[in-house]
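Structure at a glance
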Protein chains: 2
Amino acid sequence: MNSKEASILLDTLNTFHKLSFEEFTEFLNACNYQTFKKKEHLLISGEYHRGIYFIISGSVGLYELIDGKEMYQDFYLPGTFAHELKSLTTQQQSDKNLIALSATNVYYLDRQKLLNLYEKSPVYERLGRNLLEHLLTQQHELSSALQSLKPEERYQYLQEKNPEFLQSIPLTYLASYLGLARETLSRIRAKK
Amino acid sequence: MNSKEASILLDTLNTFHKLSFEEFTEFLNACNYQTFKKKEHLLISGEYHRGIYFIISGSVGLYELIDGKEMYQDFYLPGTFAHELKSLTTQQQSDKNLIALSATNVYYLDRQKLLNLYEKSPVYERLGRNLLEHLLTQQHELSSALQSLKPEERYQYLQEKNPEFLQSIPLTYLASYLGLARETLSRIRAKK
DNA sequence: TTGATTTTGTGATTTTCATCACAAAAATGA
DNA sequence: TCATTTTTGTGATGAAAATCACAAAATCAA
């Protein structure tokens, strides 16, 4: 167990709820270390979504095939949990995909093991609730922004809120994430 | 205490986690019954957001003033909790507004009382987490749809997912919610 | 290293939607 | 009820972005 890799997980969890050493160890023991090559899928539509992926390094995209086009709906960078909440909670077949956009290392946490943690101690429940509050706030803010801002403003918004995206995610994917044609985003970026 | 009004709350809570009679009573006792006239504000930007509003009857809109225009970001109908999560969790001044779009009755639950419930029993924590999972799933799905669909498709999407919105919310507000000009939405609706 | 593939850039054209302007209809409240 | 305010409808116009087409650049894999 690499301590530097574990510490990014610890830091992240502590943001949402402080864990004792024992609790963190318990959490970590429930995880499996996994690696994915660039363009390798973590989840394919039609499959069952069996657990969440804590990103240690690399990047993961969430997309859905709509009219044959890959529409990106989210990106996960180190320190976040890649997931597709709907199929994770309902345990129905996913209609979305998770794909590594670069070589990626993760801690995989099986859904059932997560549920076990929830049962074991309210501490994890609290942590989960706080994490969800954070994600929902972010998601709401983002979607409000995308809906009310013009294309150029959306780019600027992303520059302020998620500058890492602009560095690490190819423009093609960002375009669908922002609801723009690839060419439009390319022209916006060229202006600056 | 009106039992019909209480039962809509009970039904809603039970969707997310079954409560015993005692637990539900405890929850209900933490609430205050309140009424709002049409166009009355439940929260004004600049204020502190002190608690959440469970809608018994009526309708509430969440909007933000952007360039002097009211941009609607959410609507709350009976059986849902009207809130603005960011200011609720951070306890900073809200930059959004909650307004009754029609005569509205609510159970108001003070934030501190909610936190007390969380402390009292993990049952509430579990309920809160499940509710948040549900909200985040919905929010993510909505924002993905708005971003990838064309205006007409957005209207159809709403027709399928939230037909109540189309009945009870004025077109003007729906337009900003869908990220369209009012005139465009009017024309889309005329076509059908 | 080099050929192949993927990603990005850029012009020309078309389509769509926002904007403006005003009329009609509906809702409100005294 | 009736005047006032709010909401909705509809045409004309212009601006912005999507689409199409292709070239350039970057990345990848053997």
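Above: the structure in question.
It should be emphasised that the depicted structure is a prediction, and the values quoted were computed from it without experimental measurement.

**Side note on the sheet that holds strand 8 (residues 104-110) of chain A**
Residue and element names in this part refer to chain A. Read across the open sheet, the 4 strands follow the order 1-8-3-6; overall the sheet is antiparallel. What marks the edges here is a single partner per strand, and that holds for strand 1 (31-36) and strand 6 (81-82). Bridge count for strand 3 (residues 51-57) against strand 6 is 2 bridges, and the pairing is antiparallel. Directly across from Phe 54, in strand 6, lies its bridge partner Phe 81. In this fold helix 1 (residues 3-16) packs onto strand 1, strand 3, strand 6 and strand 8, with an angle of close to 115 degrees to the strand it touches most, strand 3. Along the sheet face, helix 4 (residues 111-120) touches strand 1, strand 3 and strand 8 and points at about 60 degrees away from the line of strand 8.

**With respect to the nonpolar core**
By size, the foremost hydrophobic cluster in this structure holds 54 residues, and its most contacted members are A:Leu9, A:Phe27, B:Leu9 and B:Phe27. Not counting chain neighbours up to four residues away, the residues in contact with A:Phe27 comprise A:Leu9, A:Leu13, A:Phe81, A:Leu109, A:Leu117 and A:Tyr124.

**Some points on the side chain of B:Gln139**
Along the chain, B:Gln139 turns up in helix 5 (residues 122-148). According to the relative accessible area criterion, B:Gln139 is buried, its value standing at 7%. Sequence-distant contacts of B:Gln139, that is, excluding residues within four places in its chain, are made with A:Leu136, A:Gln139, A:His140, A:Ser143 and B:Asp74.

**Some words on the pattern of salt bridges**
Residues and elements named next belong to chain A. In the structure shown here, the tally under the stated rule is 18 salt bridges over all chains. Glu 26 is the salt-bridge partner of Lys 120, the closest N and O atoms lying 3.4 Å from each other. Note that Lys 120 is positioned in helix 4 and Glu 26 in helix 2 (residues 21-29), a separation of 94 residues in sequence. The exposure class of Glu 26 is partly exposed, given its relative accessible area of 28%.

**Overview of the relation of the copies chain B and chain A**
You can overlay chain B on chain A at an RMSD of 0.0 Å; the transform is a turn of 180 degrees with a shift of 0.0 Å along its axis. Classification of the inter-copy transformation places it as that of a two-fold axis.

**With respect to the interface of chain B and chain A**
Chain B puts 33 residues into the contact, and the matching count from chain A is 33 residues. Its largest share of buried area at the contact with chain A, chain B owes to B:Arg129, B:Leu136 and B:Gln147, together 21% of the area lost on that side. Counting the contacts that link chain B with chain A gives 8 salt bridges. Here B:Arg129 and A:Glu125 are joined by a salt bridge, their closest N and O atoms 2.4 Å apart.

**What to know about the protein's contact with DNA strand C**
Near DNA strand C you find 19 residues, and of these A:Thr172, A:Ser186, B:Lys38, B:Pro151 and B:Thr184 are the closest. A:Tyr173 places a polar side-chain atom, nitrogen or oxygen, 3.2 Å from a phosphate oxygen of DNA strand C. Side-chain polar atom of B:Arg187 to a base oxygen of DNA strand C: 3.1 Å apart, as the coordinates give it. Mapped onto the surface near DNA strand C, the elements with two or more residues apiece are helix 8 (171-178) and helix 9 (182-191) of chain A together with helix 9 (182-191) of chain B. Counting residues per element, the surface near DNA strand C draws most heavily on helix 9 of chain A, which supplies 6 residues. Tallied by class, the residues present in the surface near DNA strand C amount to 7 nonpolar, 4 polar and 8 charged.

Analysis parameters
- Each chain carries its own residue numbering, running from 1 in the direction its sequence is written.
- Whichever chain is written first is A, and whichever ligand is written first is 1; the rest continue in order.
- A pLDDT threshold of at least 70 governs which residues receive local features in this predicted model, and a stricter bar of 80 or more applies before side-chain atom pairs are shown or counted, although totals over entire chains, interfaces and linings include all residues.
- Remark: hydrogens and water are excluded; side-chain values derive from all non-hydrogen atoms of the structure.
- Strand pairing is defined by DSSP finding a minimum of two bridges between the two strands.
- Runs of H or I in DSSP of at least four residues are treated as helices and runs of E of at least two as strands, each being numbered from the N terminus.
- We call two residues in contact whenever any of their non-hydrogen atoms come within 4.5 Å of each other.
- Orientation is described by axes fitted as lines to C-alpha atoms, over the contacting stretch for helices, and by angles from 0 to 180 degrees between their N-to-C directions.
- The term nonpolar core refers to a set of buried residues drawn from Ala, Val, Leu, Ile, Met, Phe, Trp, Tyr and Cys, joined through side-chain atoms within 4.5 Å.
- Only protein chains enter the accessibility calculation, which uses a 1.4 Å probe. A residue is then buried if its area is under 20% of the maximum for its type, exposed if over 50%, and partly exposed in between.
- Take a side-chain nitrogen of Lys or Arg and a carboxyl oxygen of Asp or Glu: if they are within 4 Å of each other, that pair is a salt bridge.
- The least-squares superposition of copies is restricted to C-alpha atoms, and to residues with a pLDDT of at least 70 in both copies.
- Buried area, as used here, totals the accessible surface that two parts lose on assembly, with accessibility defined by a 1.4 Å probe and the loss added over both.
- One heavy atom within 4 Å of a molecule or strand is enough for the residue carrying it to be called near that molecule or strand.
- The term polar contact refers here to a pair of N or O atoms within 3.5 Å; inside protein, the definition further demands a hydrogen-donor-capable atom paired with an acceptor-capable atom, and it admits residues adjacent in sequence only when both atoms are side-chain atoms.
- By the convention adopted, Pro, Cys, Tyr, Trp, Phe, Met, Ile, Leu, Val and Ala count as nonpolar, Lys, Arg, Asp and Glu as charged, and the other residues, Gly among them, as polar.

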